[in-house]
Amino acid sequence: MNNALTISELTKTYKDFVLDKVSFSVPEGSIVGLIGENGAGKSTTINAALGLIQKDAGYISIMGKEELDNDTKEQIGVVFDGSNYPEILSPKRLNRVMKNIYHSWDEHTYMSLLQKFSLPADKQISQFSKGMKMKLAISVALSHNSKLLILDEATSGLDPVIRDDILDMLLDFVQDEEHSILVSSHITSDLEKIADYIVFIHEGQVVFFKPKDELTEQYGIIKCGAAQFDALDKSDIIVYRKMDYEWQILVSDREEMQRKYPKAMVVPATIDEIMLLYVKGER
Ligand SMILES: Nc1ncnc2c1ncn2[C@@H]1O[C@H](COP(=O)(O)OP(=O)(O)OP(=O)(O)O)[C@@H](O)[C@H]1O
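Residues numbered from 1 in each chain as written. Predicted model: local features only at pLDDT ≥ 70, side-chain atom pairs only at ≥ 80, totals over all residues. Heavy atoms only, no water.

**Q** Could you give me a rundown of the site of the ligand, with the residues and numbers involved?
**A** The environment of the ligand is formed by Tyr14, Phe17, Glu37, Asn38, Gly39, Ala40, Gly41, Lys42, Ser43, Thr44 and His186. In the environment of the ligand, an oxygen atom lies 2.9 Å from a nitrogen or oxygen atom belonging to the backbone of glycine 41. At a separation of 2.8 Å, an oxygen atom of the ligand approaches a polar backbone atom of serine 43. Within the complex, 58% of the 640 Å² of free accessible area of the ligand lies under protein. Sorting elements by how many residues they give to the shell around the ligand places helix α1 (residues 42–49) first, with 3 residues. Looking at the shell around the ligand residue by residue, the classes come out as 3 nonpolar, 6 polar and 2 charged. (Near = heavy atom within 4 Å. Polar contact = N/O pair within 3.5 Å; in protein donor to acceptor, adjacent residues only side chain to side chain. Areas by Shrake-Rupley, 256 points an atom, 1.4 Å probe, with all protein chains shown as cover. Helix = DSSP H or I, 4+ residues; strand = E, 2+ residues; numbered from the N terminus. Nonpolar A, V, L, I, M, F, W, Y, C, P; charged D, E, K, R; others polar.)

Written out as structure tokens, the structure reads:
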């Protein structure tokens, strides 16, 4: 399988922050969710991948190319949180601008997406709600023959109905095996619905890059008291956290753990819980 995006040992140093040898890939036809706390380095990773900031070291290739030519750039659809276009324009006028920017601009797709999203073509973007602006940005990203979509916090602040519409569109987009998506989000439940892989960045480093199903179907949390915790084989523990009255222990194979410790309560873990345990737990 080819990768739409490969990032290897990406390093970027700011005064108070180091993005440290970040490596992961976005296989063609897949959705990769990028998660991590505020300031973990998600946007820095995305900006470096897009060439918007200079990397200090590491290797990045998009659709097999290290240097992005104009054709490859056209095939990347980008959606950032917040305002993506001049607010004075209307979607209709934006169409004329985009026609001049993208050779592969597909007016028909764009207009039908505006309709699908119920976006008024003649209204100034400044009068759009946040959700409408986001839908507009996604409509643009999907109207220039994009093969790779990169969305940085594109669904934050949107209501569940709009988010669900957008998630459906993203799933539709990757039905074509040549299409791929990298999406950063704090709403991990959204990523649980659509992502094939999850990359978790913490303090500038990749903690894991794993198939989502492995996390949601195999990982688990043992919930127990002090005596049971002491009796656990320490090599079974990925991280643990002591709460008020119970210990929570992250394990990589909950069924095996249930067999090994039949008296323990072993429950499935959400991606949020996995993230929290990694960030707040001890090793
Ligand atoms: N231009 C810059 N100069 C100095 N430091 C920067 C710059 N851009 C980002 N940083 C720092 O890099 C760190 C990572 O920021 P980044 O925006 O990548 O995090 P993030 O994971 O996207 O966070 P959030 O979820 O809050 O958007 C932060 O500490 C930030 O202050």
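**Q** Outline the nonpolar core, supporting the account with residue identities and numerical values.
**A** With 53 residues, the main nonpolar core has Leu94, Leu136, Leu151, Ile181 and Leu250 as its most contacted residues. Beyond its immediate chain neighbours, meaning those up to four positions away, leucine 136 contacts Tyr85, Pro91, Leu94, Tyr110, Leu114, Leu119, Ile125 and Phe128. Counting 24 residues, the second largest nonpolar core, distinct from the first, contains Phe24, Ile62, Val199 and Ile201. (Core = buried A, V, L, I, M, F, W, Y, C linked by side-chain atoms within 4.5 Å. Buried < 20%, exposed > 50% of the residue type's maximum accessible area, 1.4 Å probe, protein only. Contact = heavy atoms within 4.5 Å.)

**Q** Break down the packing of helix α4 (residues 107–116) against helix α5 (residues 130–141) for me, with residues and values.
**A** Viewed as axis vectors pointing N to C, α4 and α5 meet at an angle of 155°, and their least axial separation amounts to 9 Å. For the element pair α4 / α5, the angle class is roughly antiparallel. In the packing of α4 onto α5, the handedness of the crossing is right-handed. Each of Tyr110, Leu113 and Leu114 in α4 lies in contact with α5, whose residues at this interface are Leu136, Ser139 and Val140. Split by residue class, the contact of α4 with α5 holds 5 nonpolar, 1 polar and no charged. (Axes fitted to C-alpha atoms, helices over the stretch in contact; angles between N-to-C directions. Parallel < 35°, antiparallel > 145°, perpendicular 65-115°, else oblique. Left-handed = near helix turned anticlockwise from the far one by under 90°.)

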